[in-house]
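As a plain string of letters, each chain reads:
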Amino acid sequence: MGFPGAISVTPGGQHGEGSGPIWLDDMNCSGSESILSECCFKGWGVTDCTHTEDAGVTCDTGTNITSDLQFSVDNSLGLSDDLGLLFDSGYGCDFSINVRDLSEEAEFTICAHSMILMIYPELNITNESRNLTVDVSQACHRHVLTFFRYLYTREIDVSITSAQCLHQLSFIFGVKTLMEDVGRLFTSLIPEDNTFRTQLSMYEYGVRTGDLVLQENVLQYLSWNCEFLISSPLWSTISFHMMDALLQRSDLVVEDETFLLEALERWIQDKGDEISSEQQASLLNHIRFLLIPVDKLYEMQFSSSVLHQNHEKLYLTGLLRGFQFNALPFSKIRNKMDNISNDYLPRIYTSDEWSVYINDTTNNYPYYYYN
């Protein structure tokens, strides 16, 4: 599956059982497949097993992701380490925090002190209340203890594996200082995963929480690394709203506009029925046909499978405008340029530039060079 450093397989749900539909069963793989769906299996969702048979894997620290990288956050303002020792010992605790994951397969209890927790109004701790239940995902389960210890000490180490969980817990319980600190660290953590899994997860999390700054930071990183993202196995997993946001940007670093169009066509084909015809059209409308060289525009009429399947009118309109842009004099085109915001705006193309040299000697005009 592309994750480095796998040491051993752990069948039987040893790392915790999953939840929801079971999509793959009776897999028969040779090891040469690039994606799981290339293996032989019964069919999507065809299964006779339960989550007690879920597969897991034990991994060494991968070379592609610095999972042990940590950033220290210290808002203690001189608070003694004694509060940390008090939390660790549980001495004199009078309040129970029950932590469950969303599958309700695992649960543990933290013994805390109501007087300290009352500092945080979002927790709704009163003199009468004696317990609190926290529901988290299985992935965040192990970070809850660290989060509540921070409420005592105002000190915490944030890593690439804990940042999202700590940010979410801070958001839920109104710990704004920690939420802001972790939010700033997201920007430092984004480049640490060259598999793009962390970035895609951060973006979707930013969409769910309405964090526009986080969304923009992730999109900027993905834009500047767009060629590598397109060649990665995760390209086909990108959501519609992320693809829509990416295609509207002019800071995409790609070989040329044709390269981007071909990548979008592959994404549409991989998504299949998940994406409606209207959604496909809205994405294709973000392609800047005017910036595709005329020879590639001509070849596109015969090579594009998406064109012939669903969106012939859209493509033909783009091709016509592209041919017009290549054929008409700039003096005629410039009158229309202000009416269309991005069609004439190039992205960051890495291929060799294309240009036209015009030598007009019939009139006493200076020479013009158009690039």
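Here, the structure is the one placed above.
Owing to the predicted nature of the structure, the values given are computational and were not obtained by experimental measurement.

Draft legend 1. Main features of the overall build of the protein. What the protein contains, in helices and strands, is 15 helices and 11 strands. Taking all 371 residues of the protein together, the buried fraction comes to 38%. The contacts in the protein between residues at least 6 apart in sequence include a share of 68% that link residues at least 24 apart. About 21,400 Å² of surface is accessible on the protein, with carbon and sulfur atoms providing 52% of the total.

Draft legend 2. The sheet that holds strand S6 (residues 131-136), seen in detail. Sheet architecture is open: 3 strands sit in the order S5-S4-S6, paired in mixed fashion. This sheet does not close on itself; its edge strands, each paired only once, are strand S5 (107-112) and S6. Taking the axes of each pair of neighbouring strands and ignoring which way they run, one obtains an average angle of 20 degrees across the sheet. By the bridge criterion, 6 bridges tie strand S4 (residues 95-101) to S5 in an arrangement that is antiparallel. Bridged to Val99 within S5 is Phe108. Sitting on the sheet, helix H3 (residues 144-153) touches S4, S5 and S6, and the angle it makes with S5 is about 10 degrees.

Draft legend 3. Spotlight on the side chain of Ser170. The topology assignment puts Ser170 in helix H4 (residues 163-173). Once you skip the residues sitting within four places of it in the chain, Ser170 turns out to touch Phe147, Val175, Leu178 and Met179.

Draft legend 4. Structural detail: a negative patch on the surface. On the surface, Asp74, Asp81, Glu155 and Asp157 cluster together to form a negatively charged patch. Relative to the assigned elements, Asp74 resides in strand S3 (residues 70-74).

Draft legend 5. Layout of helix H6 (residues 197-209). The end-to-end C-alpha distance of H6, which contains 13 residues, comes to 18 Å, matching closely the 18 Å that a straight helix rising 1.5 Å per residue would cover. Those residues of H6 not exposed but buried are Thr198, Gln199, Leu200, Met202, Tyr203, Tyr205 and Gly206. The inward-facing, buried residues of H6 contact H4, helix H5 (176-189), helix H7 (212-224), helix H8 (226-231) and helix H9 (240-247). One or two steps after H6, the chain reaches Gly210, where phi turns positive at roughly 70 degrees.

Draft legend 6. Focus on the packing of H3 against H4. At their nearest, the axes of H3 and H4 sit 10 Å apart, and the two run at 55 degrees to each other. The orientation of H3 relative to H4 falls into the category oblique. As for how H3 packs across H4, the hand of that crossing is right-handed. The residues of H4 that touch H3, namely those facing Val144, Phe147 and Phe148, are Leu166, Leu169, Ser170 and Phe173. Each residue belonging to the contact of H3 with H4 can be placed in one class, and the counts come to 6 nonpolar, 1 polar and no charged.

Draft legend 7. Representation of H7 in the model. Compared with an ideal rise of 1.5 Å per residue, which puts 13 residues at 18 Å, H7 spans 18 Å between its outermost C-alpha atoms and is within 8% of the ideal. All of the buried residues along H7 are Leu214, Gln215, Val218, Leu219, Tyr221, Leu222 and Ser223. Where H7 is buried, its residues touch H5, H6, H8, H9 and strand S8 (253-254).

Draft legend 8. Broad picture of the state of the cysteines. A complete count under the given rule lists 3 disulfides for this structure. Between the sulfur atoms of Cys29 and its disulfide mate Cys39 the distance is 2.1 Å. Between Cys29 and Cys39, the disulfide has an S-S torsion of 115 degrees and is therefore right-handed. Linking Cys29 in the loop between strand S1 (6-9) and strand S2 (57-59) with Cys39 in the loop between S1 and S2, this pair joins segments that are 10 residues apart in sequence. Among the residues examined, Cys29 registers a relative accessible area of 38% and is labelled partly exposed. Classification of Cys39 by relative accessible area gives buried; the value is 6%. Two residues share a disulfide in this structure: Cys93 and Cys111, whose sulfurs sit 1.6 Å from each other.

Draft legend 9. Unusual backbone geometry, seen in detail. In this model, Arg154 sits at a positive phi of 60 degrees, which is unusual for a non-glycine residue. In this structure, Arg154 sits in the loop between H3 and strand S7 (155-159). You can call Arg154 partly exposed: its relative accessible area is 26%. For Phe196, which is not a glycine, the phi torsion comes out positive at approximately 75 degrees. Here Phe196 is to be found in the loop between H5 and H6. The buried category is assigned to Phe196, whose relative accessible area is 4%.

Draft legend 10. Local environment of the pattern of salt bridges. Taken as a whole and assessed by the stated rule, the structure comprises 7 salt bridges. When the shortest N-O distance is used, the salt bridge between Arg249 and Asp251 registers 2.9 Å. Assessed through its relative accessible area of 13%, Arg249 is described here as buried. In this structure, Lys271 and Glu274 form a salt bridge, with 4.0 Å as the shortest nitrogen-oxygen distance. The class for Glu274 is exposed, based on a relative accessible area of 60%. A cluster of three or more residues bridged by salt bridges with shared partners is formed by Glu216, Arg249 and Asp251.

Definitions and cut-offs
- Residue positions are given per chain, counting from 1 as you read along its sequence in written order.
- This being a predicted model, a pLDDT of at least 70 is required before a residue's local features are given, and a value of 80 or more before pairs of side-chain atoms are given or counted; all residues contribute to the totals for chains, interfaces and linings.
- Hydrogens and water molecules were not included; the side-chain quantities draw on all heavy atoms of the structure.
- Comment: elements are numbered from the N terminus, with helices defined as DSSP H or I runs of at least four residues and strands as E runs of at least two.
- Burial classification: accessible surface area is computed with a 1.4 Å probe over protein chains only, and a residue below 20% of its type maximum counts as buried, one above 50% as exposed, and the rest as partly exposed.
- By definition in these notes, contact holds between two residues if any of their heavy atoms fall within 4.5 Å.
- Areas reported as accessible are Shrake-Rupley estimates using a 1.4 Å probe. Residue values count occlusion only from the protein chains shown.
- DSSP calls a pair of strands paired once it identifies at least 2 bridges connecting them.
- Angles shown run from 0 to 180 degrees and are taken between the N-to-C directions of axes, each axis being a line fitted to C-alpha atoms and, for helices, limited to the stretch in contact.
- In this scheme, patches are assembled from residues that exceed 30% relative accessible area and form no salt bridge. Like charges are connected within 9 Å, while nonpolar side chains (Val, Leu, Ile, Met, Phe, Trp, Tyr) are connected within 5 Å.
- A side-chain nitrogen of Lys or Arg and a carboxyl oxygen of Asp or Glu constitute a salt bridge if their distance falls within 4 Å.
- None of His or the chain ends enter the tally, which takes Lys and Arg as positive and Asp and Glu as negative.
- For charged residues, the charge sits on one atom: NZ in Lys, CZ in Arg, CG in Asp, CD in Glu.
- Each residue after the first adds 1.5 Å to the expected span of a helix.
- Reported orientations rely on four angle classes, namely roughly parallel under 35 degrees, roughly antiparallel over 145, roughly perpendicular from 65 to 115, and oblique for the rest.
- Crossing handedness: left-handed means the near helix sits turned counterclockwise from the far one by under a right angle, and right-handed means the same turn made clockwise.
- Gly falls in the polar group here, along with every residue not listed as nonpolar (Ala, Val, Leu, Ile, Met, Phe, Trp, Tyr, Cys, Pro) or charged (Asp, Glu, Lys, Arg).
- Pairs of cysteine sulfur atoms within 2.5 Å are what we label disulfides.

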